[in-house]
Amino acid sequence: MDFKLDKAHQLQQELFRSFAETEIRPIAKEMDENEALDLDMLKKAAKYGLFGIPYSKEYGGAGSDTLAYTLCMEEISKVDASTGVTISVHTSLCCSCINNFGTEEQKQTYLRPLVDGSKFGCFGLTETNAGSDVQGAQTTAVKDGDDWIINGSKIFTTNSGFADTCILFALTDRTVPASKGLTAFIVDLKNTPGITVSDNIERMGIRAASNCIVTYENVRVTPDRVLGPLGKGFKIAMTALDTGRIGIAAQALGIAQGALNEAIKYGKERKQFGKPINAFQNTQFKMAELQTKIDAARLMVWRAACAEDNHEPYGPLAAMAKLMASDVANQVTRECVQFMGGYGYCREYPVERMMRDAKITEIYEGTSEVMKMVISGSMKLK
Ligand code: CAA
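Calculation notes
Residues numbered from 1 in each chain as written. Predicted model: local features only at pLDDT ≥ 70, side-chain atom pairs only at ≥ 80, totals over all residues. Heavy atoms only, no water. Helix = DSSP H or I, 4+ residues; strand = E, 2+ residues; numbered from the N terminus. Polar contact = N/O pair within 3.5 Å; in protein donor to acceptor, adjacent residues only side chain to side chain. Contact = heavy atoms within 4.5 Å. Domains from an automatic or database assignment. Buried area = accessible area lost by both parts, 1.4 Å probe. Salt bridge = Lys/Arg side-chain N within 4 Å of Asp/Glu carboxyl O. Nonpolar A, V, L, I, M, F, W, Y, C, P; charged D, E, K, R; others polar. Axes fitted to C-alpha atoms, helices over the stretch in contact; angles between N-to-C directions. Parallel < 35°, antiparallel > 145°, perpendicular 65-115°, else oblique. Buried < 20%, exposed > 50% of the residue type's maximum accessible area, 1.4 Å probe, protein only. Expected span 1.5 Å × (residues − 1). Bend = angle between axes of the 7 residues up to and from the residue. Patch = residues over 30% accessible without salt bridge, like charges linked within 9 Å, V, L, I, M, F, W, Y side chains within 5 Å. Areas by Shrake-Rupley, 256 points an atom, 1.4 Å probe, with all protein chains shown as cover. Pairing = 2+ DSSP bridges. Core = buried A, V, L, I, M, F, W, Y, C linked by side-chain atoms within 4.5 Å. Near = heavy atom within 4 Å. Phe/Tyr/Trp six-rings, centres within 6.5 Å; stacked < 30°, edge-to-face > 60°. Lys NZ or Arg CZ within 6 Å of the ring centre and 35° of its normal.

Novice: Explanation requested: the side chain of Thr-86 in the structure shown.
Specialist: Summarising the element assignment, Thr-86 is placed in helix α4 (residues 81-101). In this structure the side chain of Thr-86 is engaged in a polar contact, spanning 2.7 Å, whose partner is the backbone oxygen of Ser-82. Non-local contacts of Thr-86, meaning those with residues more than four positions away in its chain, are made with Leu-37, Leu-42, Phe-51, Asn-159, Phe-162 and Ala-209.

Novice: Would you take a moment to explain the domain arrangement of the chain for this structure?
Specialist: Quite often, the size of an interface is put as the accessible area lost when its parts meet. By domain assignment, the chain separates into domain 1 (7-115), domain 2 (121-233) and domain 3 (235-378). Taking the mean C-alpha position of each, domain 2 and domain 3 sit 30 Å from one another. Where domain 2 abuts domain 3, roughly 1100 Å² becomes buried across the two surfaces, and 68% of that area is made up of carbon and sulfur atoms. For the pair domain 2 and domain 3, the number of links is 0 salt bridges. There are 7 residue pairs in polar contact (both at pLDDT 80 or more) connecting domain 2 and domain 3. For the side of domain 2 that touches domain 3, the per-class residue count stands at 8 nonpolar, 4 polar and 2 charged.

Novice: Explanation requested: the packing of helix α3 (residues 66-79) against α4 in the structure shown.
Specialist: In helix packing, the relevant descriptors are the interaxial angle and the interaxial distance, both defined with respect to the helix axes. The interhelical angle for the contact between α3 and α4, taken along N-to-C directions, is 155 degrees, at an axis separation of 6 Å. One element, α3, and the other, α4, form an angle in the roughly antiparallel class. Between α3 and α4, the contacting residues are Tyr-69, Met-73, Ile-76, Ser-77 and Val-79 on the first element and Ala-81, Thr-83, Gly-84, Val-85, Ile-87, Ser-88, Thr-91 and Ser-92 on the second. For the contact of α3 with α4, the per-class residue count stands at 7 nonpolar, 6 polar and no charged.

Novice: Help me understand unusual backbone geometry in this model?
Specialist: With the exception of glycine, the majority of residues adopt a negative phi angle, and the majority of peptide bonds are in the trans configuration. Located in the positive-phi region is Asn-218, a residue other than glycine, with phi close to 50 degrees. When you line up the elements, Asn-218 lands in strand β7 (residues 211-221). Exposure remark for Asn-218: the relative accessible area of 52% places this residue in the exposed category. Of note in this structure, His-311 is not a glycine but carries a positive phi near 60 degrees. On the secondary structure map, His-311 appears in the loop between α8 (281-309) and α9 (315-345).

Novice: Looking at this model, I keep getting lost on α9. Mind explaining?
Specialist: An α-helix turns once every 3.6 residues. As a result, residues three or four positions apart point the same way. Compared with the 45 Å implied by 1.5 Å per residue over 31 residues, the 37 Å span of α9 between its first and last C-alpha is markedly short. Its axis deflected by about 90 degrees at Phe-339, α9 carries its strongest bend there.

Novice: Just checking my understanding: could you explain the side chain of Thr-70 for this structure?
Specialist: In this fold, Thr-70 is placed in helix α3. Not counting the four nearest positions on each side in its chain, Thr-70 is found in contact with Ile-246, Ala-250, Val-301, Trp-302 and Ala-305.

Novice: Mind showing me how you'd approach a nonpolar patch on the surface here?
Specialist: On the surface, Met-1, Phe-3 and Leu-299 cluster together into a nonpolar patch covering about 420 Å² of accessible area. By secondary structure assignment, the location of Met-1 is in the segment before α1 (7-34).

Novice: Which parts of the structure should I look at to understand the pairing of strand β3 (residues 147-158)?
Specialist: Remark: a regular strand shows side chains that alternate across the two faces of the sheet. In terms of strand pairing, strand β2 (residues 140-144) meets β3 through 5 bridges, oriented antiparallel. The partner of Lys-143 across the bridge, within β3, is Trp-148. What sits between the antiparallel neighbours β2 and β3 is a turn of 2 residues, in which Gly-145 has the positive phi angle 65 degrees.

Novice: It is not clear to me how the nonpolar core should be interpreted in this structure. Could you clarify?
Specialist: Considering soluble globular proteins, one finds that nonpolar side chains tend to be buried as a cluster. Ranked by size, the top nonpolar core spans 99 residues in total, and within it Leu-50, Phe-123, Ile-167 and Phe-169 carry the most contacts. Ranked by residues supplied to this core, first place goes to helix α7 (residues 233-269) with 17 residues. Non-local contacts of Ile-167, meaning those with residues more than four positions away in its chain, are made with Leu-93, Cys-94, Cys-97, Ile-98, Cys-122, Phe-123, Gly-124, Ala-184, Phe-185, Ile-186 and Leu-227.

Novice: What is the right way to look at the site of the ligand in this model?
Specialist: In the vicinity of the ligand lie 22 residues, with Ser-132, Gln-135, Lys-180, Asp-242 and Glu-365 positioned nearest. In the model, a nitrogen atom of the ligand is placed 2.8 Å from a nitrogen or oxygen of the Ser-132 main chain. The fraction of the free accessible surface of the ligand (1100 Å²) that becomes covered by protein chains is 69%. Breaking the shell around the ligand down by element, the ones donating at least two residues are β3, α6 (178-181), α7 and α11 (368-377). For the shell around the ligand, the leading source of residues is α7, giving 6 residues. Class assignment for the residues of the shell around the ligand results in 10 nonpolar, 7 polar and 5 charged. Counting residues domain by domain, the shell around the ligand receives three or more from each of domain 2 (121-233) and domain 3 (235-378).

Novice: Hey, could you run me through the packing of aromatic side chains in this one?
Specialist: Describing an aromatic ring pair means giving the distance of the ring centres and the angle of the ring planes. Counting across every chain of the model gives 8 aromatic pairs. Note on Trp-148 and Phe-185: the rings are 5.9 Å apart at their centroids and 65 degrees apart in plane angle, and the pair reads as edge-to-face. Of the two residues, Trp-148 is situated in strand β3 and Phe-185 in strand β5 (residues 182-188); the sequence distance between them amounts to 37 residues. In this pair, the class of Trp-148 matches that of Phe-185, namely buried. Joined through ring pairs, the aromatic side chains of Phe-51, Phe-120 and Phe-162 make up one cluster. Here the basic side chain of Lys-275 rests over the ring of Phe-280, its NZ or CZ set 4.6 Å away from the ring centre.

Novice: For this particular structure, what's the right way to read the pairing of strand β1 (residues 121-124)?
Specialist: Burial along β1 is two-sided: the face carrying Gly-121 and Phe-123 and the face carrying Cys-122 and Gly-124 are both buried. With 4 bridges connecting them, β1 and strand β4 (residues 165-171) associate as parallel partners. Looking at β4, one finds that Gly-121 is bridged to Thr-165.

In structure tokens:
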């Protein structure tokens with residue numbers, strides 16, 4: 001067992017860090033205030049290969065692995081969690097579905113432009129009345145000749161404001177439970193009549209990320225856009241979420257480490273009672289505690305990523321990593337705001353944004369309560 005990154009992963013980590021520092025840090029505050037990502041920056045990130053890290057070079061990806069992808073998520077989210085989730089949803093929710101369940105033709109046609117970064121992807125699963133309870137989905141796809149006609153609406157679809165490709169889940173059989181009646185489709189969001197994308201939903205955190213309601217009204221899709229077998233949509237979604245949760249855990253880790261780094265920097269300069277506040281033992285003990293929690297979360301994230309890379313079962317490990325890292329992100333960001341006092345609460349410093357951003361990591365891609373369902377379900381308690 002080796003807890004150190006090998007040379008190749010260290011180099012990738014440096015590349016991700018350098019991109020985050022030079023291209024994202026200077027605009028992170030502005031993107032949050034404008035509630036919009038800088039699309040030029042995203043295109044640059046795509047050129048750097050950040051949108052296809054774990055995918056084969058055969059399809060235009062970087063040919064790396066899930067561990068490298070978590071390093072990217074951590075480094076980017078240290079600086080800006082909105083950019084983090086954008087990469088995450090594209091990579092693990094959208095691309096993984098096609099990579100794992102697509103035909104060779106679908107991979108060439110739809111996966112290639114996603115992993116080489118020329119197109120952006122999203123994932124349409126959640127509905128107004130089907131959040132944690134995915135089986136409550138109501139969107140339907142009804143056969144018309146060879147084609148399918150889709151009707152329904154999806155909410156909280158990250159990236160949908162600018163994405164080209166959506167993995168959409170719709171019921172193709174209403175006579176069976178949704179776990180057997182949902183089917184996945186690859187939908188062209190920009191060029192298909194009947195699709196409406198709302199304005200960005202106003203949110204507390206990750207405000208720069210795109211997150212909209214997508215409505216499908218008599219949307220016709222051809223049979224070549226069915227992804228995987230009919231009725232296997234629930235399992236396709238769950239498989240994508242298993243890997244997606246590793247990405248969100250790494251995002252939470254990045255938010256936590258980013259906030260702690262900011263607090264340490266501040267505490268070296270801020271003087272109270274005649275000395276820098278980092279010189280107080282109370283501060284030193286607090287920093288030690290927070291870094292220990294972050295390191296524990298990091299080991300769990302890496303464990304889940306390595307399990308996926310080694311083709312071992314990783315769903316419950318991903319859920320544990322997300323449960324732990326999202327809790328740590330919320331604790332750490334709250335403590336960092338508290339440590340920096342009035343300045344921590346001001347928009348001038350990034351920790352207040354990080355505290356707002358951290359909250360969602362306990363909610364999306366499965367709430368902490370859903371993570372406990374997944375973990376306890378793997379424990380043979382009955
Ligand atoms: N992989 C493969 N199959 C799985 C699976 C997995 N991880 N989890 C369950 N299944 C299978 C089960 O084995 C079962 O199969 P059989 O019927 O053949 O036995 C079937 O799926 C149904 O399983 P359950 O009875 O356990 O399903 P459930 O209805 O009780 O739901 C759940 C389980 C864990 C709560 C699931 O619904 C879930 O994960 N909910 C959370 C959804 C979620 O994370 N949503 C986030 C959406 S994306 C997002 O956040 C927005 C964004 O863009 C960031």
